[in-house]
Amino acid sequence: MSTLSQFNRSAPQSPARFFMSSTTYTTPAAGLYRIGSVGAGGSGGISGSGAGAGGGGGGFCESEVWLAAGTALTITIGAGQGNTNNSGALAGTAGGNTSVSGSGMTTMTANGGGGGGATVTPGATATGGAGGTASGGTTVNSSGGAGGNAILTGEGAAGGGGAAGSPLGTGGAGGVGSYYGAGGGGGIGGAGAAANANATGGGGSGGPASGITGGPNALGLMTTSTSYIPQDADGIVRGGNAGYGFGSLSNPFRSITGGGGVGGGGSIGQTGGSGGGGGGSLNILGRLGGVLGGGGGMYNNTGINSGDTFTSIGGGGGGSGSSGGTTASNLKSGMGLVTIERIG
């Protein structure tokens, strides 16, 4: 039964609280709460003698629910995954599921993304991990983007990781890698670019990647190779950090800033801004996506060990491939996250 207080919108609001480890949270006051949940990304496949596909991004769900004071919410945070030091083919691992449950609300579950495949068979395709699904949200239930496939033509390739789901919808897919190529990571606004004999950029918060450049954000392409136009995905210019964080502590999943990372041809790829995927890279470490963005793929043919860096929250890890039997590795995919804010 509704009470008069539920319709009183003069109740004080509070900034979002961020939970990156499993815990129990008790509501300090009765009110309308917005709860967001994102699953962990799956890790990319690795192959020291072939091709590794990108991991899928975690799912995302959101609820707006009236909760009584003293309501205990059980929060479970999904763990990111990673593989290291393998000279053959080793598939990635699915990310952990993130959930929120408590009295007076439907349990919210944001599932982790699937792990990317790997292969050493000439002509074969390593399949990217599927995006995680989500359920229980009263306002949003979005799937993560799929990791990019990696096709073993030539001596190897790597696919980009998929972006997590968000209020903007299904996360962008990671870019496909083929013929010595490293695909860019997906962004929440669009896919990473496919790569053939090059390293391509990651998708941005406002659109897909384009060729070997960085992906556009909500205002356009990055102004230079090292800076982003600081406009959030909701169209508001807040002038905040255009790097790894959220653009606002109010409704944070709708305030994602940044473009995608630039691909690195023979050099290090660029990190994506918030909501943007990392750029793919040749011969040196791949790059991570910003919050919710997928990691860039990494391929090397120089005899050094290959690897890629991790994404921070929710994004799938980039695949890693190399030639000549050198070892391949990657670090963890993006972990899960829960945000809680009182909005009325």
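Further up the page is the structure itself.
Every chain begins its residue count from 1, and numbering advances along the sequence as written. This being a predicted model, a pLDDT of at least 70 is required before a residue's local features are given, and a value of 80 or more before pairs of side-chain atoms are given or counted; all residues contribute to the totals for chains, interfaces and linings. Water and hydrogen atoms play no part in the side-chain values, which are based on all heavy atoms of the structure.

**Considering the side chain of N251**
Helix and strand assignments follow DSSP, with helices taken as H or I runs no shorter than four residues and strands as E runs no shorter than two, numbered in order from the N terminus. Among the structural elements, N251 can be located in the loop between β18 (195-196) and β19 (281-282). Each residue is placed in one exposure class: buried if its accessible area under a 1.4 Å probe, protein chains only, is under 20% of its type's maximum, exposed if it is over 50%, and partly exposed if it falls in between. A relative accessible area of 18% places N251 in the buried class. Two residues qualify as a contact provided that any one of their heavy atoms is within 4.5 Å of a heavy atom in the partner residue. With sequence-adjacent residues up to four places away left out, N251 is seen in contact with R34, E62 and E341.

**What to know about the sheet that holds strand β2 (residues 23-26)**
Strand order in the open sheet formed by five strands is β2-β7-β9-β10-β13, with antiparallel pairing between adjacent strands. Here the strands that pair on one side only, and so sit at the sheet edges, are β2 and β13 (134-135). Here a strand pair is declared whenever DSSP counts at least two bridges between the two strands. Inspection of the sheet shows β2 paired to strand β7 (residues 72-76) by four bridges, in the antiparallel sense. Its bridge partner being in β7, T24 is matched across the sheet by T74.

**Digging into the nonpolar core**
Put simply, buried Ala, Val, Leu, Ile, Met, Phe, Trp, Tyr and Cys residues joined by side-chain atoms within 4.5 Å make one nonpolar core. Counting residues in each nonpolar core, the largest one holds 17 residues, and the members touching the most others are I35, L73, I75, M105, V338 and I340. Contributing elements (two or more residues each) for this core: β3 (31-38), β6 (60-67), β7, β10 (108-110) and β22 (337-342). Here this core gets three residues from one element, more than from any other, and that element is β6. Beyond its immediate chain neighbours, meaning those up to four positions away, V338 contacts R17, F18, F19, I35, G36, S37, I75, I77, T98 and V100. The next biggest cluster of nonpolar side chains, apart from the first, holds 13 residues, and it includes V38, I256, L292 and I313.

**A short note on the pairing of β3**
Most of β3 is tucked away: eight of the eight residues are buried. In terms of strand pairing, β3 meets β6 through eight bridges, oriented antiparallel. Residue pairing across strands places I35 opposite S63, the latter belonging to β6. Of the strand pairs in this sheet, β3 and β22 are connected by six bridges, and their pairing is antiparallel. Bridging across to β22, I35 finds its partner in I340.

**So, the environment of F60**
In this structure, F60 sits in strand β6. In this structure F60 comes out as buried when scored by relative accessible area, which is 0%. Remark: the alpha-carbon pair of F60 and N111, spanning 51 residues in sequence, is separated by 7.9 Å. Ignoring sequence-local partners within four residues, the contact set of F60 consists of G36, S37, V38, A110, A134, V140, N141, S142, G165, S166, P167 and F253.

**Observations concerning the packing of aromatic side chains**
Pairing of aromatic rings covers Phe, Tyr and the six-membered ring of Trp, with a centre-to-centre limit of 6.5 Å; geometry is then stacked below 30 degrees between planes, edge-to-face above 60, and tilted otherwise. If you walk through the whole model with that rule in mind, you get four aromatic pairs. A ring pair is formed by Y180 and Y299, whose centres lie 5.9 Å apart and whose planes are at 50°; its orientation type is tilted. With a gap of 119 residues between them, Y180 in the loop between β17 (177-178) and β18 and Y299 in strand β20 (residues 298-300) connect regions that are remote in the sequence. The class for Y299 is buried, based on a relative accessible area of 1%.

Keep in mind that these numbers describe shape and distance, not what the molecule does.
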